[in-house]
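What follows is the residue order along each chain.
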Amino acid sequence: MEMSLPAISLAIFLLLASVCDASYYREKKNKYVDEKYHNRGSYYFNKYYGYAYKFKRSPPPPPPPMRKKPSPKPSPWPSTPSIPAPPQSSLAAQFMMPQNDARARLGLRPLIWDSKLQAFAEDWANQRARYGNCYLQHSNGPYGENIFWGGGKAWSPAEAANAWIEERNWYNYGSNSCQSGQQCGHYTQIVWRDSERIGCARVTCSSGDVFMTCNYDPPGNYIGEKPY
């Protein structure tokens, strides 16, 4: 049976339309599958990364931010008075004792617990527990700051402080630098000569992981300066 030219043109048009339509939905489906499994892969990668350290030390936190020394300005208000050092059995003492021991080795004055810094640390730790599920992130506040994450058990403040202090193995005082591929900024903040006050916090997230943070005032880790 012979077909007229209009009929042949219509048949070709419908065939091309069906091919293009199928290609569009196949591309859209592949994009959906790629995104779905890419995201799933990221999710499981993160979960694996977290629990790969189960019953081991937490992964290294991001280094504390380096600071540029500001021009000295007279303060119109007196500094916030610090509260006395807490009893040795308290959470605060567990944070402070290892850090003050590290300072004492260098002949530096001990840090004093400060209620204002404690409140700041608690606020940031609670935000990490509520919104970030203990994800390691600095507050970028006005103070010096060290942070810690641990999974698999109830990590203590002393364990967090000792993990920071162990970075002294990677610090070279002569060159004022860290060993290549290592971090030492948490340690240098702890032993920063001009830092006088400290306040810390510890929270447990819904995942069971632990997030801890300490803040220091005046802050340390100024670019081009040695800690002591």
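Residues numbered from 1 in each chain as written. Predicted model: local features only at pLDDT ≥ 70, side-chain atom pairs only at ≥ 80, totals over all residues. Heavy atoms only, no water.

Engineer: Mind laying out unusual backbone geometry, listing which residues take part and the relevant values?
Structural biologist: Note the cis peptide between Asp-217 and Pro-218, where omega equals -10°. Tracing the sequence through the fold places Pro-218 in the segment after strand 6 (210-217). In the Ramachandran plot, Asn-140 falls in the positive-phi region, its phi being about 55° despite a non-glycine side chain. Along the polypeptide, Asn-140 turns up in the loop between helix 3 (115-132) and strand 2 (144-150). We classify Asn-140 as exposed; its relative accessible area is 63%. (Helix = DSSP H or I, 4+ residues; strand = E, 2+ residues; numbered from the N terminus. Buried < 20%, exposed > 50% of the residue type's maximum accessible area, 1.4 Å probe, protein only.)

Engineer: With reference to specific residues and values, describe the state of the cysteines.
Structural biologist: Under the counting rule described, the total for this entry stands at three disulfides. Sulfur-sulfur distance for the disulfide between Cys-134 and Cys-205 comes to 1.9 Å. Because the torsion about its S-S bond is 95°, the bridge between Cys-134 and Cys-205 counts as right-handed. Of this pair, Cys-134 sits in the loop between helix 3 and strand 2 while Cys-205 sits in the loop between strand 5 (197-204) and strand 6, and the two are 71 residues apart along the sequence. Cys-205 shares its class with Cys-134; the two are buried. The disulfide partner of Cys-200 is Cys-214, and the gap between their sulfur atoms is 2.1 Å. (Disulfide = S-S within 2.5 Å.)

Engineer: Describe the confidence of the model for the protein, naming the residues involved and giving the relevant values.
Structural biologist: Chain-level statistics for the protein give a pLDDT mean of 78 and a share of 62% at 70 or above. Here residues 27-57 is a poorly scored stretch, pLDDT under 50, and it has 17 contacts once near neighbours within four places are set aside; other chains count. (pLDDT = per-residue confidence, 0-100. Contact = heavy atoms within 4.5 Å.)

Engineer: Could you give me a rundown of the pattern of salt bridges, with the residues and numbers involved?
Structural biologist: Scanning all chains against the criterion turns up four salt bridges. The salt bridge involving Arg-109 is made with Glu-196; its shortest N-O contact spans 3.8 Å. Taken together, the residues span a long stretch of sequence, with Arg-109 in the loop between helix 2 (91-105) and strand 1 (112-113) and Glu-196 in the loop between helix 5 (185-190) and strand 5 at a distance of 87 residues. Note on Arg-109: relative accessible area 54%, which makes it exposed. Ionic contacts of the salt-bridge type, sharing partners, join the residues Arg-109, Glu-196, Arg-197 and Asp-217 into one network. (Salt bridge = Lys/Arg side-chain N within 4 Å of Asp/Glu carboxyl O.)

Engineer: I'd like to hear about the nonpolar core, residue by residue, with values.
Structural biologist: In this structure, Trp-113, Phe-148, Ile-198, Met-212, Cys-214 and Tyr-216 are the most contacted members of the largest nonpolar core, which totals 24 residues. Broken down by secondary-structure element, the contributors of at least two residues to this core are helix 2, helix 4 (157-165), helix 5, strand 5 and strand 6. For Ile-198, the contacting residues outside a window of four places in its chain are Met-96, Gln-99, Leu-111, Ile-112, Trp-113, Asp-114, Leu-117, Cys-214, Asn-215 and Tyr-216. (Core = buried A, V, L, I, M, F, W, Y, C linked by side-chain atoms within 4.5 Å.)

Engineer: Can you tell me about the packing of aromatic side chains, naming the residues and giving the values?
Structural biologist: Per the stated rule, a full pass over the model turns up six aromatic pairs. Taken together, a centroid distance of 5.2 Å and an interplanar angle of 85° make the contact between Phe-120 and Tyr-143 edge-to-face. Of this pair, Phe-120 sits in helix 3 while Tyr-143 sits in the loop between helix 3 and strand 2, and the two are 23 residues apart along the sequence. Linked through ring pairs, Tyr-171, Tyr-173, Tyr-187 and Tyr-228 together constitute an aromatic cluster. Between the NZ or CZ atom of Lys-153 and the centre of the ring of Trp-155, over which it lies, the distance is 4.6 Å. The lysine or arginine in question, Lys-226, covers the ring of Tyr-173, its NZ or CZ lying 4.3 Å from the ring centre. (Phe/Tyr/Trp six-rings, centres within 6.5 Å; stacked < 30°, edge-to-face > 60°. Lys NZ or Arg CZ within 6 Å of the ring centre and 35° of its normal.)

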